[in-house]
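Listed below are the residues making up each chain.
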Amino acid sequence: MLLVKSLHIVFVVSWFAGLFYLPRIFVNLAMEDESAARARLLLMARKLYRFMTILALPAIAFGLWLWLGYGITGGWMHAKLGLVVVLIGYHHGCGRLLKRFEAGTNRHSHRWYRWFNELPVLILVAVVILVVMKPF
Ligand code: HEM
């Protein structure tokens, strides 16, 4: 069980590296007018989105294994799952925003993306407090 939990944490951390960095690329894309620089940022964003999607799958799979396989549950787990659903929605949202940048139809300012970038931080803090302290 401890190996499954270790792998869960490793993939969660790796997934979050992408969730923190991709919106930062979006901030730069929303400010960048020069076409070569935009092309480079778009390539980075595409590769990062593909990579973080590959990392999200084992992060969730090992979490489900801990929950359903070892029966570790409680009120905290249900609250955590709610936040994980929001996180998966955020991840999917990043994919849609990337498609808009690729199509040249981005509608948001760099300031909007800076706020957008803060949401995973709030979710991470809440999830870690829930899973470590198990307050309910
Ligand atoms: C469907 C998704 C997920 C499920 C079903 C899940 C389930 C679990 C379970 C059952 C544990 C073991 C808790 C214990 O032994 O006390 C655990 C540990 C942990 N999970 Fe998740 N998890 C999921 C996603 C996440 C995400 C997205 C994060 C980060 C934001 C996360 C962070 C952690 C951490 C830090 C631990 C270790 C806690 C400890 O050792 O006390 N998990 N997870």
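**Q** How should I be thinking about the site of the ligand in this particular structure?
**A** For the ligand, the set of nearby residues contains 22 residues, the closest of which are Lys 5, His 8, Val 12, Lys 80 and Lys 134. Contacts to the ligand include His 8, whose side-chain N or O atom sits 2.8 Å from a nitrogen atom. Here the ligand occupies the largest pocket. Looking at the shell around the ligand, the elements that each hand over two or more residues are α1 (2–31), α2 (35–70), α3 (75–103) and α5 (119–133).

**Q** Sorry if this is basic, but what is going on with the packing of aromatic side chains here?
**A** For any pair of aromatic rings, the description consists of the separation of the ring centres together with the inter-plane angle of the planes. Per the stated rule, a full pass over the model turns up eleven aromatic pairs. When the centroid spacing of 5.4 Å and the interplanar angle of 35 degrees are considered together, the rings of Phe 101 and Tyr 113 count as tilted. Here Phe 101, found in helix α3, pairs with Tyr 113, found in helix α4 (residues 110–116); they are twelve residues apart in sequence, far enough to count as distant. The exposure classification of Phe 101 matches that of Tyr 113, with both residues buried. Here the aromatic cluster, defined as three or more aromatic residues joined through ring pairs, consists of Phe 26, Tyr 90, Phe 101, Trp 112, Tyr 113 and Phe 116. Taking the ring centre of Trp 76 as reference, the NZ or CZ of Lys 134 above it sits at 4.7 Å.

Parameters at a glance
Residues numbered from 1 in each chain as written. Predicted model: local features only at pLDDT ≥ 70, side-chain atom pairs only at ≥ 80, totals over all residues. Heavy atoms only, no water. Near = heavy atom within 4 Å. Polar contact = N/O pair within 3.5 Å; in protein donor to acceptor, adjacent residues only side chain to side chain. 1 Å grid on protein atoms, 1.4 Å probe; cavity = no way out; pocket = protein on both sides within 12 Å on 5 of 7 lines; lining within 4 Å. Sits in = over half its atoms within 2 Å of the grid points. Helix = DSSP H or I, 4+ residues; strand = E, 2+ residues; numbered from the N terminus. Phe/Tyr/Trp six-rings, centres within 6.5 Å; stacked < 30°, edge-to-face > 60°. Buried < 20%, exposed > 50% of the residue type's maximum accessible area, 1.4 Å probe, protein only. Lys NZ or Arg CZ within 6 Å of the ring centre and 35° of its normal.

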